[in-house]
Amino acid sequence: MREINPKVKEFVEKIRQAKESEEKPITEPTFHVDEVVKSVATFYEKIRGVIEWKEEHLIRKSAIERVLTRRLMSSDQDSLNAESFILEMIRRGHFPNDRVPESKAKAVQDILDKYVYIIKYLQDNSKETKDVQEVIKWLVKLASSEIEYCVFPPVKERALIDFMTDIMTEKIAISENVFGDALQRNPLTESDKKLKIYIACQKALFNLDDLSVSFSIIEKEYPKFLNPTPEQLQIIARNILTIRKNINDIMNNKIQPKIYAACNKYNAIFLILYDIVLNNIEKINEILQDIPSLNSHIEKYYKERFKKLKKRIKKSSVLATTSIFITKVSSAILFEIPIDKALDEFSYITLGINVGLPTLLMFLLVATIKLPGKENLEQIKIEISKLLFGAVKETPITIKIPTIRNKTLKYIVNVSYFFAFIITFGFIVWVLKMLHFSMLSMIIFFIFLPVITFTGIKLRERVKEIVILEEKETFATTLRDIFVMPIIELGQKISYEWSKINALVVIFNAFIDMPFNAFVDFLDAWRNFLKERKEKL
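Residues numbered from 1 in each chain as written. Predicted model: local features only at pLDDT ≥ 70, side-chain atom pairs only at ≥ 80, totals over all residues. Heavy atoms only, no water.

Further remarks concern the packing of aromatic side chains. Applying the stated rule across the entire model yields 11 aromatic pairs. Arranged with centres 5.5 Å apart and planes meeting at 75 degrees, the rings of phenylalanine 163 and phenylalanine 270 form a pair that is edge-to-face. With a gap of 107 residues between them, phenylalanine 163 in helix α7 (residues 155-171) and phenylalanine 270 in helix α13 (residues 256-279) connect regions that are remote in the sequence. Just as phenylalanine 163 is buried, phenylalanine 270 falls in that class too. Their ring planes at 70 degrees and their centres at 6.0 Å tell us that phenylalanine 418 and phenylalanine 419 sit as a pair that is edge-to-face. Exposure remark for phenylalanine 418: the relative accessible area of 48% places this residue in the partly exposed category. (Phe/Tyr/Trp six-rings, centres within 6.5 Å; stacked < 30°, edge-to-face > 60°. Helix = DSSP H or I, 4+ residues; strand = E, 2+ residues; numbered from the N terminus. Buried < 20%, exposed > 50% of the residue type's maximum accessible area, 1.4 Å probe, protein only.)

This is the structure we're talking about:
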């Protein structure tokens, strides 16, 4: 019987303990909301989910952030009461009914009080600048991550992240000249390297957003931030701008994308091993020691993960396309059609292309996703076997940043990319002119086509969750990337700005969300009143 890697044993034991803890019945009182009220509020949240599309794993945190932002702006004394906050999240369907212990209210209240103190300190002791407002928004997002972590600790997920971080820290070697001369002035320590790999593993395994990762960095680098004493909280508030800058510096550097790419290549072996362990914990030792049984389980969960992944991608693509489609139709009704008609430039053909082409493009991008070849599955089997039986250091990965030392060559590359950008969009403009697009229709087209392209490509990238073999680069794919990348990069920029200024979301927040919440509170009070009257009969 071969000896299993001790790190694998440790990981299996963490998953076993987490499952045992989950299966224990809740014996203390839990928060409960009326099911009728919950169904009304949940329906509203589903409508919002179409208007304000988010990736599935970010929906709950986004909802916490939205509700928290509204409550921070409210003058109601009860707005930042933890019990009231938790009950609203249950009504809206983001926290489960009868599953959140009432004891969680104290921990959530401490989190709310902490961030309210820091925000108030900033407002009272800093000039009203754009940077301060950005930090306050960052703090609200950070509070959302901490509240989600407090109510639903991701114990199993953290066990997998820690496991992958340990393995990849041994597997990855960072080139000594990666920072050039700067390395001599600021050497990369082993703990720095491990932290960067830890960040990369979170994104590679669970596609966590920057704020969730920021919170995990705070846990490691600023542990007193979580449960500070009054004196420590004062120090944190005074230094919050520096803390944020330090976290951004840790996350954003030239080497981080390279480390992420290395971790992302191997995430499939950890995710599939995670599925096997999680679903077969009682007989996991026998499965891991029996190679035919292990390979059978690898194949089973590999195919299952692909099916779930494709289903999730399809769902996300439908929601994303619907969200963009509604915004597109709204912009057409409010701006494009009236203005084009006023200028006598309106055309049903251009309107149809503007509305239909992005939707068709998203459909094609998602419909053409295929299961990777058999070679990919066989390579996963080999890598999992290496991982289990200690051959981790067999294929070290050296991280280095390729640089163009010849300044003339670097200039030529940048100019070439600029011309690729001009050619790509120049060709699109030429085609649109041939189709008699008005100037306004062109502008709208150049907003929605890149956004759909970026979103579709981003969703397609999720398939790499089960891909370990690198895609073979050809001259044709290189040429394609040269001319498609400008569209994708523009879509990324527009998507980022869109998330901040989406008019429909602003309308929902300002004119619908608050009145609807008041209506839900009234409905809840009315239902409780009726129950009390019935009990007296």
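Following the structure, the description resumes.
Counting residues in each nonpolar core, the largest one holds 118 residues, and the members touching the most others are Met168, Ile172, Cys263 and Phe270. The element that contributes the greatest number of residues to this core is α13, accounting for 14 residues. When residues no more than four places from it in sequence are discounted, the contact partners of phenylalanine 270 are Leu160, Phe163, Met164, Ile167, Met168, Leu205 and Leu387. Core analysis: the next-biggest nonpolar cluster, separate from the first, contains nine residues, Phe425, Leu432, Phe437 and Phe446 among them. (Core = buried A, V, L, I, M, F, W, Y, C linked by side-chain atoms within 4.5 Å. Contact = heavy atoms within 4.5 Å.)

Counted at 1.5 Å a residue, the expected span for helix α1 (residues 6-23) with its 18 residues is 26 Å, and the 26 Å between its end C-alpha atoms agrees. Among the residues of α1, Val8, Phe11, Val12, Ile15, Ala18 and Lys19 are the ones counted as buried. When α1 is viewed along its axis, its buried side chains cluster within an angular range of 125 degrees and face the same direction. Looking at the buried residues of α1, the elements they touch are α7, α13, α14 (284-289) and α17 (374-388). With a side-chain oxygen positioned 3.0 Å from the backbone nitrogen of lysine 7, the residue opening α1 is asparagine 5. (Expected span 1.5 Å × (residues − 1). Arc of directions from axis to C-beta. Polar contact = N/O pair within 3.5 Å; in protein donor to acceptor, adjacent residues only side chain to side chain.)

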